[in-house]
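Given next are the chains, with one letter for each unit.
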2 protein chains.
Amino acid sequence: MPKRPCVYLAGPEVFLPDAATVGRHKKILCERYGLIGLFPLDNGSDDDRDGNGGPLDRAIFRRNVAMMRCADAGIFNLSPFRGPGADAGTVFELGLMHGLGKPVFGYTNAAGTLLDRTADATRDGETGAWRDADGLLVEDFGNAENLMLDCCLAESGTPIVRADADRPLADLVGLETCLRLAAARLLVGGTA
Amino acid sequence: MPKRPCVYLAGPEVFLPDAATVGRHKKILCERYGLIGLFPLDNGSDDDRDGNGGPLDRAIFRRNVAMMRCADAGIFNLSPFRGPGADAGTVFELGLMHGLGKPVFGYTNAAGTLLDRTADATRDGETGAWRDADGLLVEDFGNAENLMLDCCLAESGTPIVRADADRPLADLVGLETCLRLAAARLLVGGTA
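An account of the accompanying structure is given in this report. (Residues numbered from 1 in each chain as written. Chains lettered and ligands numbered in written order. Predicted model: local features only at pLDDT ≥ 70, side-chain atom pairs only at ≥ 80, totals over all residues. Heavy atoms only, no water.)

Residues and elements named next belong to chain B. As summarised here, the arrangement of the five strands in space is S2-S1-S3-S4-S8, forming an open sheet in which the pairing is parallel. Bordering the open sheet on either side are strand S2 (36–38) and strand S8 (161–162), each of which pairs with just one other strand. Sheet analysis places strand S3 (residues 73–77) next to strand S4 (residues 104–108), joined by four bridges and oriented parallel. Across the sheet, the residue bridging to Asn77 is Tyr107, located in S4. Where helix H6 (residues 173–186) meets the sheet, its contacts fall on strand S1 (6–10), S3, S4 and S8, and the angle it forms with S4 comes to roughly 165°. (Pairing = 2+ DSSP bridges. Helix = DSSP H or I, 4+ residues; strand = E, 2+ residues; numbered from the N terminus. Contact = heavy atoms within 4.5 Å. Axes fitted to C-alpha atoms, helices over the stretch in contact; angles between N-to-C directions.)

Another aspect to go through is the pairing of S3 of chain B. All names here are of chain B. Buried residues dominate S3, accounting for five of its five residues. Residues of S3 alternate between two faces, with Ala73, Ile75 and Asn77 on one and Gly74 and Phe76 on the opposite face, all of them buried. Alignment of S1 against S3, held across four bridges, turns out to be parallel. Counted as the bridge partner of Leu9 is Ile75 from S3. Each parallel crossover has a hand, and for S3 linked through helix H3 (residues 88–99) to S4 it is right-handed. (Buried < 20%, exposed > 50% of the residue type's maximum accessible area, 1.4 Å probe, protein only. Right-handed = clockwise from strand over helix to strand, strands pointing away.)

It is worth spelling out helix H5 (residues 147–155) of chain A at this point. Helical geometry note: an α-helix holds 3.6 residues per turn, so side chains three or four residues apart project in the same direction. Of all nine residues making up H5 of chain A, eight are buried, and the element is well covered by its neighbours. When we look at burial in H5 of chain A, the residues that qualify are Leu147, Met148, Leu149, Asp150, Cys151, Cys152, Leu153 and Ala154 of chain A. Taken together, the buried residues of H5 of chain A touch helix H3 (88–99), strand S4 (104–108) and strand S8 (161–162) of chain A together with helix H2 (56–70) and H3 of chain B. The backbone nitrogen of Met148 of chain A lies 2.8 Å from a side-chain oxygen of the residue at the head of H5 of chain A, namely Asn146 of chain A. (Polar contact = N/O pair within 3.5 Å; in protein donor to acceptor, adjacent residues only side chain to side chain.)

Expressed as a screw transformation, the operator carrying chain A onto chain B has a rotation angle of 180° and an axial translation of 0.0 Å, and the superposed copies differ by an RMSD of 0.0 Å. Taken together, the rotation angle and the small translation identify this as a two-fold axis. (Least-squares fit on C-alpha atoms with pLDDT ≥ 70 in both.)

Now for the pairing of S1 of chain B. All names here are of chain B. In terms of burial, S1 is a largely internal element, five of the five residues being buried. What you see with S1 is no split at all: Cys6, Tyr8 and Ala10 on one side and Val7 and Leu9 on the other are buried throughout. In the sheet, S1 pairs with S2 via three bridges, with the strands oriented parallel. Along S2, the bridge assignment pairs Cys6 with Ile36. The handedness of the S1 to S2 crossover, carried by helix H1 (residues 19–32), is right-handed.

In this section: the sheet that holds S4 of chain A. All names here are of chain A. As summarised here, the arrangement of the five strands in space is S2-S1-S3-S4-S8, forming an open sheet in which the pairing is parallel. Only two strands of the sheet have a single partner each, and these edge strands are strand S2 (36–38) and S8. Taken strand by strand, helix H1 (residues 19–32) contacts strand S1 (6–10), S2, strand S3 (73–77) and S4, and its axis lies near 150° from that of S1. Packing of H3 onto the sheet brings it into contact with S1, S3 and S4, and relative to S3 it is tilted by some 155°.

Turning our eyes to something else, we now look at the interface of chain A and chain B. Contacts between the two partners involve 47 residues from chain A, matched on the other side by 47 residues from chain B. In terms of surface lost to chain B, no three residues of chain A exceed Arg82, Phe92 and Met148 of chain A, which account for 19% of the buried area on that side. For the interface between chain A and chain B, the tally reads six salt bridges. For Glu155 of chain A, the salt bridge identified is with Arg58 of chain B, shortest N-O distance 2.6 Å. Counting the contacts that link chain A with chain B gives 16 residue pairs in polar contact (both at pLDDT 80 or more). Mapped by element, the contributors of at least two residues to the side of chain A that touches chain B are helix H2 (56–70), H3, strand S7 (137–138) and H5 of chain A. (Buried area = accessible area lost by both parts, 1.4 Å probe. Salt bridge = Lys/Arg side-chain N within 4 Å of Asp/Glu carboxyl O.)

Spelled out as structure tokens, the structure:
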């Protein structure tokens, strides 16, 4: 039997009080699609600093990067986190895995576009461009996120999955759609 | 004379009303350190859709990625943008260039840590962990940003440069420190 593909499960749910439970649910769902889910919190305990006594944050970084290098693909929860946009750690990891040439899939549990979610955006009467209260341009491409994120996924052949959910960071509907896409791409005979 | 190294200049200043001017100033500063600055807005006009009539956002994405692949290194303005953290596009590009194995340098023009900038963070009496108003964990490593960003730079040998500035998105003090580090790394005879 061939080795089952591993999928790195990135997202800000690691910051939830019940992060471990959410991670368990995500991994069970992966099993159902014939995939092994790699959840960052399974990466060793906070007391395990790679045996070198170095800073914990550096150890977590190294373990996450090692997990991504070992994974066959990544699925990214790009739901808004403390503001109108996605979690910085998740976004960094999307870029990293794309740079490593691994297949990436992404979902957001927020409805609407980045423009919809940007407070006090108004249209400049002269140029027609949208600007926020500080005068900063707001992208108006109908994307769920900054164009680099949406287009990375779209150019990879699987545009961002938009699922509206009651519990944005933990809901699994968007993940399930991504798992279906990932299984079609990664499993023997997959054609997606 | 050897080809001068090219440095991709990532940051949310592309959203400023005077973005082109800021870009020009950044590139002049690069020259002073013997480097060629590549600014995303020099990537072709908004009317240039790669000649294929496709969507503009996809064309911008492809041009930015091509610029990063061609660059010898990246310098990232990780100053907070519409919230406590860095701009998503910039963070994605940091991950991408790190994944591509290119040297990366980063600065933030905001003082303090991510924890300092997270509104209403309180310490959990039981566990000692910091949580925001939604109960989401706030990292407490003394980092300027999410640990993936800070540690990517620190593990690369050049920790994030913290410069306090009057005009966070456009100030060039942090960039100049990064240029000094980049020049030492990239120019012939460099030792950093």
